[in-house]
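Topology and contacts: notes
Each chain, letter by letter, is given below.
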Amino acid sequence: MTIEIEQERCIRCGRCVQVCPSQIMIRNERTKRIDTIHPGRCIGCGHCVAACPADAVLHSGFPPQRVHPVDRGLLPAPEQVMELIRSRRSNRALTPRPVPDEALRQIVEAARYAPTASNSRQVSLTLVTDPERLRRIADFTVGIFDTTARKLMNPVVRTLLKPLRPDLYRYAERFAEMRREHEAGRDPILRRATALLIFHTPASNRFGCEDANLACQNASLMAQSFGVSQIYMGFVLTAARMAKKNAFARIAGIAGRPQAIMALGMPAFEFPNYAERG
């Protein structure tokens, strides 16, 4: 990793000094000249390159072809962003139509631009569109919860556990209903979604959950802009965490720990209203 300041171009504005999280850029208070120290500290965030108005930062990780001016004319107004956020709902009324490839591509791309702790960028994205694999993931989830429900409804376990953990029994009956619905082909898990986006990280990543869910929110808003429904798959994620180690990873074809899962599909209709949050 090499980082240099092209002194003939540098206008001594000090922006790179202000934004560098690793304090690699330094400015001489007398001459205002900017130089670099400890380049090994660089986390590859690109703040210095993005902030420089004179293209004076020469960073080996960000050659000129990877640096692009921001087109402010394409940025939405705050009111447009807020309307997008307000209109986003987990619409579970889906059609069999597949999500267009271009929409899927940009949803994944939006997720890639989410921030990560220390710019670790260890969030991996796996997009599942194969109907057979989607079915296996739904089968897996229903199976985990059906087994759990049977244990919870054991008379001895119920007598001992329900007074202590009434929250668990909120879902016990629902688990049985889910199994019946699944067997009848009504897909209570994926809701007939045609794509599943799985966010996963190495188990060693201390901020894996936070990083993945930031990426998930980026993907969700991009999907909303395309008119694609997104449903956070809490049941699938919970089942993955309850199962034996790596059981879900083998079925889903991923490496590492699943941290967030989103189902994607084309809606049967759009919500004409949004309800104010209390």
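All figures in this text were calculated on a predicted structure; none of them were measured in a lab.

Overview of the overall build of the chain
Along the backbone of the chain there are eleven helices and eight strands. Its C-alpha atoms give the chain a radius of gyration of 24 Å, clearly above 19 Å, the size a compact globule of 278 residues would have. Oriented by its inertia axes, the alpha-carbon framework of the chain measures out at about 80 × 40 × 40 Å. The buried share of the chain, reckoned over its 278 residues, is 37%. Sequence-distant contacts in the chain: of pairs separated by 6 or more residues, those separated by 24 or more amount to 74%. If you sum the accessible surface of the chain, you get close to 17000 Å²; carbon and sulfur atoms cover 52% of it.

As for the sheet that holds strand β5 (residues 124–128)
Strands sit in the order β5-β6-β8-β7 across an open sheet of four strands; the sheet is antiparallel. Each edge of the open sheet is held by one strand with a lone partner, namely β5 and β7 (229–232). Taking each pair of neighbouring strands and ignoring which way they run, the sheet shows an average axis angle of 25°. Taken together, the four bridges between β7 and strand β8 (residues 257–265) define a ladder with antiparallel strand orientation. Each residue of the ladder has a partner; that of serine 229, found in β8, is glycine 265.

Regarding helix α10 (residues 234–242)
In an α-helix there are 3.6 residues to a turn, and that puts residues three or four apart on one side. Taken together, the buried positions of α10 are Val236, Leu237, Ala239 and Ala240. The buried residues of α10 all sit within an arc of 160° when viewed along its axis, so they share a single face. Buried-residue contacts for α10 involve α5 (131–152), β7, α11 (247–252) and β8.

Some thoughts on the environment of leucine 237
Secondary-structure assignment places leucine 237 in helix α10. Residue classification places leucine 237 among the buried residues on the basis of a relative accessible area of 5%. For the pair leucine 237 and isoleucine 198, spaced 39 residues apart in the sequence, the C-alpha separation amounts to 9.4 Å.

Observations regarding the state of the cysteines
A complete count under the given rule lists zero disulfides for this structure. This cysteine, cysteine 10, is not joined by any disulfide, and cysteine 16 carries the nearest cysteine sulfur, 6.4 Å off. Residue cysteine 10 is classed as buried on the basis of its relative accessible area, which comes to 15%. Between cysteine 13, a cysteine without a disulfide, and cysteine 52, which holds the nearest cysteine sulfur, the sulfur-to-sulfur distance is 6.1 Å.

What to know about helix α9 (residues 208–225)
Between its first and last C-alpha atoms α9 spans 26 Å; for 18 residues at 1.5 Å apiece the expected length is 26 Å, and the two agree. Within α9, the full set of buried residues consists of Gly208, Asp211, Ala212, Ala215, Cys216, Ala219, Ser220, Ala223 and Gln224. Residues of α9 that are buried in the fold lie against α3 (78–87), α4 (101–112), β6 (195–201), β7 and β8. Of the residues trailing α9, glycine 227 is marked for its positive phi of about 75°.

A closer look at a nonpolar patch on the surface
On the surface, Val81, Met82 and Ile85 cluster together into a nonpolar patch covering about 230 Å² of accessible area. Looking at the element boundaries, methionine 82 is found in helix α3.

With respect to the pairing of β8
Regular strands place side chains that alternate from one sheet face to the opposite one. Taken across its nine residues, β8 has eight buried, putting it largely inside the fold. With seven bridges joining them, β6 and β8 adopt antiparallel strand pairing. From the neighbouring strand, phenylalanine 199 faces β8, where its bridge partner is alanine 260.

Considering the packing of α3 against α9
Contact geometry for α3 and α9: axes closest at 10 Å, N-to-C directions at 95°. The orientation of α3 with respect to α9, classified from their angle, is roughly perpendicular. The residues of α9 that touch α3, namely those facing Leu84, Ile85 and Ser87, are Leu221, Gln224 and Ser225. Its residues assigned to classes, the contact of α3 with α9 comprises three nonpolar, three polar and no charged.

Criteria and cut-off values
Residues numbered from 1 in each chain as written. Predicted model: local features only at pLDDT ≥ 70, side-chain atom pairs only at ≥ 80, totals over all residues. Heavy atoms only, no water. Helix = DSSP H or I, 4+ residues; strand = E, 2+ residues; numbered from the N terminus. Rg over C-alpha atoms; globule rule 2.2 N^0.38 Å. Buried < 20%, exposed > 50% of the residue type's maximum accessible area, 1.4 Å probe, protein only. Contact = heavy atoms within 4.5 Å. Areas by Shrake-Rupley, 256 points an atom, 1.4 Å probe, with all protein chains shown as cover. Pairing = 2+ DSSP bridges. Axes fitted to C-alpha atoms, helices over the stretch in contact; angles between N-to-C directions. Arc of directions from axis to C-beta. Disulfide = S-S within 2.5 Å. Expected span 1.5 Å × (residues − 1). Patch = residues over 30% accessible without salt bridge, like charges linked within 9 Å, V, L, I, M, F, W, Y side chains within 5 Å. Salt bridge = Lys/Arg side-chain N within 4 Å of Asp/Glu carboxyl O. Parallel < 35°, antiparallel > 145°, perpendicular 65-115°, else oblique. Nonpolar A, V, L, I, M, F, W, Y, C, P; charged D, E, K, R; others polar.

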